[in-house]
Amino acid sequence: MTTALLTGTPSTFFKGSPLIQCITNEITCESMANALLYVNSKPIMADDIREFPELFKQIDGVLLNLGQFSVAREEQISQASHYAKEHGKPTVIDSVGVSVSPLRRKLVIELLKNEPEVVKGNTSELRHLVGLASLGRGVDGHESDQEKEALLELGKALGQLQKKYPKTTFLATGKVDLIVVEGSLILLENGVPELDQLTGTGDVVGAIIASLLAQGETIQDSTVGAVSYFNRCGERAKEKCEEPIGLESFKYHLYNELSTLYQRNDWWTSIKGVRYES
Ligand SMILES: Nc1ncnc2c1ncn2[C@@H]1O[C@H](COP(=O)(O)OP(=O)(O)OP(=O)(O)O)[C@@H](O)[C@H]1O
Ligand SMILES: Cc1ncsc1CCO
Ligand SMILES: [Mg+2]
């Protein structure tokens, strides 16, 4: 099954040391910077647009996260997307809180024109993005949006959106993660519910996707690889916790796993999922 999910050699994942420019939110910024360092990448969170002409020549990948929206942040994200396109730097857009106001959705639709490699969000966020009913609240997804029927409905709608933006892969995260890549649909099934109870888990997954893209992995391998790696870390962290699970202990083990699991040459053998051809 893993051969269908990953097209390249997972032993090369996380072996480069790419410089990742992240425009993100203050809530999870430090977790994201640490997570990138833990997987052998270099984070930079530089958001002054006056630096962009020089900076975008130096970086290897870009993560643009809408979590804390503002007039300034909107301009930073738009400019970063423009420079990423100009310099050919792989880009991930995280549509955090896209249902909060029409401003965020408008920006994501605008950014799609620059052909980012990946647009992600939780399942509720991506349902809102494509115009389906969504029960997400703030930046959090809702369980009902993750039920099988809702997920398949989302898969179809994202397939339609991809016809308009064929270069972009879409990732909706949740209990089951859904990826729409080159017209095909992938469902991933690793992870534990505790991942939904820590802030910034989706944000970190976005940054790890950017890191793998920046190391030259394909879009499919970067997306499947980042989600599955992170979720395997979650599974292993939970095994190390005593019941009842304290979320601070879980977080401690999760970030330890992030910094160590990739050094084992078999971490990918436990990836669970399926790919349906278009
Ligand atoms: N119930 C669950 N069971 C298994 N894995 C989960 C579950 N919920 C989330 N995950 C995993 O946790 C990670 C984050 O997904 P989630 O959908 O919670 O992101 P998010 O809402 O964008 O997070 P945040 O906004 O806090 O950054 C993904 O890798 C996802 O697969
Ligand atoms: C809680 C929160 N609010 C805006 S961004 C963020 C972190 C999760 O993305
Ligand atoms: Mg999110």
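The structure under discussion appears in the preceding block.
The following refers to the structure shown.

Conventions and cut-offs
- Residues numbered from 1 in each chain as written.
- Chains lettered and ligands numbered in written order.
- Predicted model: local features only at pLDDT ≥ 70, side-chain atom pairs only at ≥ 80, totals over all residues.
- Heavy atoms only, no water.
- Buried < 20%, exposed > 50% of the residue type's maximum accessible area, 1.4 Å probe, protein only.
- Helix = DSSP H or I, 4+ residues; strand = E, 2+ residues; numbered from the N terminus.
- Arc of directions from axis to C-beta.
- Axes fitted to C-alpha atoms, helices over the stretch in contact; angles between N-to-C directions.
- Parallel < 35°, antiparallel > 145°, perpendicular 65-115°, else oblique.
- Left-handed = near helix turned anticlockwise from the far one by under 90°.
- Contact = heavy atoms within 4.5 Å.
- Near = heavy atom within 4 Å.
- Polar contact = N/O pair within 3.5 Å; in protein donor to acceptor, adjacent residues only side chain to side chain.
- Areas by Shrake-Rupley, 256 points an atom, 1.4 Å probe, with all protein chains shown as cover.
- Nonpolar A, V, L, I, M, F, W, Y, C, P; charged D, E, K, R; others polar.

### Some details on helix α2 (residues 29–38)
At step 1: Listing the buried residues of α2 in full gives M32, A33, A35 and L36. When α2 is viewed along its axis, its buried side chains cluster within an angular range of 165° and face the same direction.
At step 2: Following α2 by one or two positions, N40 adopts a phi angle in the positive range, close to 75°.

### Regarding the packing of helix α9 (residues 219–239) against helix α10 (residues 247–260)
At step 1: As a packed pair, α9 and α10 sit with axes 8 Å apart at the nearest point and diverge in direction by 130°. As summarised for this structure, α9 and α10 are arranged oblique, according to the angle between their axes. Crossing geometry of α9 relative to α10 is assigned as right-handed. Every residue of α10 that contacts α9 at Y229, F230, C233, G234, R236, A237 and K238 is listed here: F250, H253, L254, E257, L258 and T260.

### Some thoughts on the site of ligand 1
At step 1: Neighbouring residues of ligand 1: 21 residues in total, closest N122, T173, D177, G202 and N231.
At step 2: In this structure, a nitrogen atom belonging to ligand 1 sits 3.5 Å away from a main-chain N or O atom of V192.
At step 3: Calculation on ligand 1 without its partners gives an accessible area of 630 Å², and the protein chains cover 94% of this total.
At step 4: For the shell around ligand 1, the secondary structure elements donating two or more residues are α8 (201–214) and α9.
At step 5: Among the elements that make up the shell around ligand 1, the one with the highest residue count is α8 (4 residues).
At step 6: Class assignment of the residues belonging to the shell around ligand 1 gives a composition of 7 nonpolar, 10 polar and 4 charged.

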